[in-house]
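A look at the structure
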Amino acid sequence: MKSLKQLLKSLPSFYSVDTATEKVLLKTIGLCLSGGGALGYAHIGVLQALEDCGIYPDVISGASMGAVIGSVYAAGKTPQEMLDLIKNGKLYRISSLMHFPVAFWKSSGLSNHQPLQKLIKENCMENNFETLQKPMYVCVSNLSEGKWEMIHSGDKLDEWVAASSSIPGVFTPVKIDDKIYVDGGLLNNMPAQPLKNKCDVIIGCDLFSPSVVRKGVKMRNIFVSSIRTMQAQNSQEGRALCDYLIEPKGVEKYHEFNFEAYQQLYQIGYSTATKFLIDNQDILRLRRKKDDAG
């Protein structure tokens, strides 16, 4: 089997061309990123592998950590710049994402989202969906109405990303317009639905598959397996909408709070996506020059 580098050299052009009109055919590419806590660092590796092949998503959707990574990417940050943010402590340690209030035992959650909201404000111009370089859809769970919603406009980007990442019982919920919002992955961990009518091709990256309990009945194993199984089930509709689905299964040996393992998780995402591109060479018809990316 050819390596990815050899494969790319053998391709004649970045573009698909209509031979009848000699016009370049550029397809609109959607990218859906699942939730997964620290496991979401694998998304950055997937993005790097796609860009290395000349595949630049035009529209992004995401839940939880997928919403965080997706929003920063939609703001124009490259995968390498996102890695630098992690190395500089912005998304590196658990303490960088969580701020524990003094009376946290009396609060509705263990941590609030002030550091995360600051990160979004610093890296997403004007903290506004409309000023992002790429359209971004953030999935949140509306507990006031018992449904998931997709948010894609307005000047509260930091609040919506924080809401999408509010793991119940870990982070405090976010109240916006008198409604209570928590982690988008609670009800829809693969929110590809808004990409369906806006994109010609949808690429998905799903970090979760149903988790089987193999090591007895320890509370931690049961809890993690329960959450992952629930998210795997609510992801089925979104997964079915994806034309290409990348699943970095190597992340399973880590858990959602292994923020210190960012380099390993990034590499798993990059290696998985690279193998996927080699095994599914028709996706390379989506190659383009970066300047042509939406």
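Residues numbered from 1 in each chain as written. Predicted model: local features only at pLDDT ≥ 70, side-chain atom pairs only at ≥ 80, totals over all residues. Heavy atoms only, no water.

Examining the packing of aromatic side chains
Inspection of the entire model under this criterion finds five aromatic pairs. The interplanar angle of 80° and the centroid separation of 6.4 Å between the aromatic rings of Tyr41 and Tyr262 together place this pair among those described as edge-to-face. Taken together, the residues Tyr41 in helix H2 (residues 41-52) and Tyr262 in helix H10 (residues 262-279) connect sequence positions 221 residues apart. Plain terms: the ring middles of Trp160 and Tyr181 are 4.9 Å apart, the flat faces sit at 80° to each other, and that makes the pair edge-to-face. Of the two residues, Trp160 sits in helix H7 (residues 157-164) while Tyr181 sits in strand S8 (residues 179-183), which places them 21 residues apart along the sequence. Here a set of aromatic residues connected by ring pairs shows up, and it is made of Tyr41, Phe259 and Tyr262. (Phe/Tyr/Trp six-rings, centres within 6.5 Å; stacked < 30°, edge-to-face > 60°. Helix = DSSP H or I, 4+ residues; strand = E, 2+ residues; numbered from the N terminus.)

Some remarks on the pairing of strand S9 (residues 201-205)
Judged by how many residues are buried, S9 sits mostly within the fold: five of five residues are covered. The pairing of strand S3 (residues 29-33) with S9 spans five bridges and is parallel. Among the inter-strand pairings, Ile29 is bridged to a residue of S9, identified as Val201. Looking at chain direction, S9 and strand S10 (residues 244-246) are connected through three bridges and run parallel. Bridge assignment links Cys205 to a residue of S10, and that residue is Ile246. (Buried < 20%, exposed > 50% of the residue type's maximum accessible area, 1.4 Å probe, protein only. Pairing = 2+ DSSP bridges.)

Description of the side chain of Asn189
By the element assignment, Asn189 lies in the loop between S8 and S9. By relative accessible area, Asn189 is classed as buried at 0%. Engagement of the side chain of Asn189 in a polar contact is seen with the backbone nitrogen of Gly35, the distance being 3.1 Å. When residues no more than four places from it in sequence are discounted, the contact partners of Asn189 are Ser34, Gly35, Ala63, Gly184, Phe208, Gln231, Asn234 and Ser235. (Polar contact = N/O pair within 3.5 Å; in protein donor to acceptor, adjacent residues only side chain to side chain. Contact = heavy atoms within 4.5 Å.)

Considering the pattern of salt bridges
Enumeration over the complete set of coordinates arrives at ten salt bridges. The partner of Lys156 in a salt bridge is Asp177, and the shortest N-O contact between them spans 3.5 Å. Here Asp177 lies in the loop between strand S7 (174-176) and S8 and Lys156 lies in the loop between strand S6 (147-151) and H7, a separation of 21 residues in the sequence. Judged by relative accessible area, Lys156 falls into the partly exposed class, the value being 29%. Under the relative-accessibility criterion, Asp177 is labelled exposed at 55%. By sharing partners, the salt bridges in this structure join Asp206, Arg239, Glu247 and Lys249 into a single network. (Salt bridge = Lys/Arg side-chain N within 4 Å of Asp/Glu carboxyl O.)

Examining the confidence of the model for the chain
Residues at a pLDDT of 70 or more form 78% of the chain, whose mean pLDDT is 83. Across residues 19-24 the pLDDT falls below 50, and counting only partners more than four positions away or on other chains, this stretch makes six contacts in the model. (pLDDT = per-residue confidence, 0-100.)

Here we look at helix H3 (residues 65-74)
A large share of H3 lies buried, amounting to ten of its ten residues. When we look at burial in H3, the residues that qualify are Met65, Gly66, Ala67, Val68, Ile69, Gly70, Ser71, Val72, Tyr73 and Ala74. Directly after H3, the chain includes Gly76, whose backbone phi takes a positive value near 110°.

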